[in-house]
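# Chains, contacts and geometry: an overview
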Amino acid sequence: MFRFEDPIYLYLLIAIPLLWCIRMLSDRKRKKRIKKFGDAELVTQMMEDVSTVRPKVKFWVTMAALALLIVALARPQMGAKVSREKRMGIEAIICMDISNSMLANDVAPSRLAKSKLLVENIVDKFVNDKIGLIVYAGDAFVQLPITSDYVSAKMFTHTISPSLIASQGTDIAAAINLALLSFTPDETADKAIILITDGEDHEGRAVEMAKEAKNKGVRIFILGVGTEHGSTIKTSDGRFLTDNTGETVITRLNQEMCKEIAEAGSGTYIHVDNNSKAQQKLEDEIAKMQKGESETIIYSEYDEQFQAVALLALVLLIAEILILQRKNRLFKNVRIFNRKVKTTKI
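Bear in mind that the values here come from a model prediction, so they are computed numbers and not experimental data.

Rules and cut-offs
- Residues numbered from 1 in each chain as written.
- Predicted model: local features only at pLDDT ≥ 70, side-chain atom pairs only at ≥ 80, totals over all residues.
- Heavy atoms only, no water.
- Buried < 20%, exposed > 50% of the residue type's maximum accessible area, 1.4 Å probe, protein only.
- Helix = DSSP H or I, 4+ residues; strand = E, 2+ residues; numbered from the N terminus.
- Pairing = 2+ DSSP bridges.
- Axes fitted to C-alpha atoms, helices over the stretch in contact; angles between N-to-C directions.
- Parallel < 35°, antiparallel > 145°, perpendicular 65-115°, else oblique.
- Left-handed = near helix turned anticlockwise from the far one by under 90°.
- Contact = heavy atoms within 4.5 Å.
- Nonpolar A, V, L, I, M, F, W, Y, C, P; charged D, E, K, R; others polar.
- Core = buried A, V, L, I, M, F, W, Y, C linked by side-chain atoms within 4.5 Å.
- Phe/Tyr/Trp six-rings, centres within 6.5 Å; stacked < 30°, edge-to-face > 60°.
- Salt bridge = Lys/Arg side-chain N within 4 Å of Asp/Glu carboxyl O.

### Let's talk about the pairing of strand 6 (residues 191-197)
- Most of strand 6 sits out of view: seven of its seven residues are buried.
- Side chains of strand 6 alternate between two faces, with Lys191, Ile193, Leu195 and Thr197 and Ala192, Ile194 and Ile196 buried alike.
- Of the pairings in the sheet, the one linking strand 3 (residues 91-97) to strand 6 comprises six bridges and is parallel in character. Across the sheet, Ile94 pairs through a bridge with Ile194, a residue of strand 6.
- Taken together, the seven bridges between strand 6 and strand 7 (residues 218-224) define a ladder with parallel strand orientation. Bridge assignment links Ile194 to a residue of strand 7, and that residue is Phe221.

Below, the structure written as structure tokens:
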């Protein structure tokens, strides 16, 4: 089992593409300055000692070393001690809506941010249960397969954003269907789908799919995030999202839809106006479910791997120092000598 003890530091990797952009701009300015002296190709031929390849190699070696140092800072670890335990619990799959409407800030700081915090709080309360994580918008995919590794579940929650799914919209039926396919086959414990959404369903079929889940013995709990008066949706460029007619989109919590899906799925609808109260209501409902025995692999000890990563980064930094910025004069003299030898033979 591989994990990061401090995964928050991995966000520093964003510095690498930023540094690449800065280098690209610097290269463009350098080329413009060279053109002022005359034809770029002729000027390059006059600068025989200047290498165009080595600076690029040095840059990417440095970037690789920087990436490895950031990974080392996040403290990669490998599971060292493995044990198998029998546990009594349920299986629950959390389906989180990550459509653009979840960026609305009618609840602070936003519907999506509040949902992520809610998921972390829910995971913290699980003890012997298995959990999975699905994200959905116009499509759905498994973010975390069914597992007992709660640390990974919380880690994956940090990375969730609408950019994970290119197909926007809201297809609740697709999320429920994928969840049904993601449970452990032949598991005796009760199964639950915890659906976190603002109730917007652009594709339909959600109620029908909830009924199908009920027929398979799976209960659906809906956690509604947002308000009925709604809010605008601010995009990453600071503008407000508009529809096809150019009108500003107002997204509202559809509580009626949420209640209808929960009822069809033999579950409960909970309005998330307060995270702790919503969490307590959900815990009370899950406590009523039948628990089954399952065998779980537990990693109780982890070995630190950052030393090896840091050592590799050090090797790359040494290599970067040894790579000269200019062409090696020794090799240049050897080439000149070889040309003279060939000329003499002729």
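### Some details on the packing of helix 7 (residues 206-215) against helix 8 (residues 255-264)
- Two elements in contact, helix 7 and helix 8, have axes separated by 7 Å at closest approach and are oriented at 25 degrees. On the basis of the axis angle, helix 7 is roughly parallel to helix 8. Both helix 7 and helix 8 take part in a crossing whose hand is right-handed. Across the interface between the two elements, Ala206, Val207, Ala210, Lys211 and Lys214 from helix 7 touch Glu260, Ile261 and Ala264 from helix 8.
- Of the residues in the contact of helix 7 with helix 8, the class split is five nonpolar, no polar and three charged.

### Describing the nonpolar core
- Grouped together as the largest cluster of nonpolar side chains are 34 residues, with contacts concentrated most on Leu223 and Leu282.
- Among the secondary structure elements, those contributing two or more residues to this core are strand 3, helix 4 (111-125), strand 4 (130-136), helix 5 (150-158), strand 6, strand 7 and helix 9 (275-287).
- When neighbours within four sequence positions are excluded, Leu223 is seen to be in contact with Leu118, Ile122, Ile194, Leu195, Ile196, Thr197, Ile270, Val272 and Leu282.
- Ala174, Ala175, Ile176 and Phe183 belong to the second-largest nonpolar core, a separate cluster that totals 30 residues.

### A few points about the packing of aromatic side chains
- Tallying each qualifying case throughout the model produces two aromatic pairs.
- Centre to centre, the rings of Phe59 and Trp60 are 5.1 Å apart; their planes meet at 75 degrees, and the pair counts as edge-to-face.
- Judged by relative accessible area, Trp60 falls into the partly exposed class, the value being 44%.
- Taking the centre distance of 6.5 Å and the plane angle of 25 degrees together, the rings of Phe126 and Tyr150 count as stacked.

### Concerning the pattern of salt bridges
- Tallying each qualifying case throughout the model produces 11 salt bridges.
- Between Glu320 and Lys58 there is a salt bridge; the shortest N-O distance is 3.0 Å. In this pair, Glu320 is assigned in helix 10 (residues 306-322) and Lys58 in helix 3 (residues 54-73), connecting sequence segments 262 residues apart. An identical accessibility class is assigned to Glu320 and Lys58; each is buried.
- With its nearest N and O atoms 2.3 Å apart, the salt bridge here joins Glu304 to Arg75. Remark: Arg75 occurs in the loop between helix 3 and strand 2 (76-89) and Glu304 occurs in strand 11 (residues 292-304); sequence separation between them is 229 residues.

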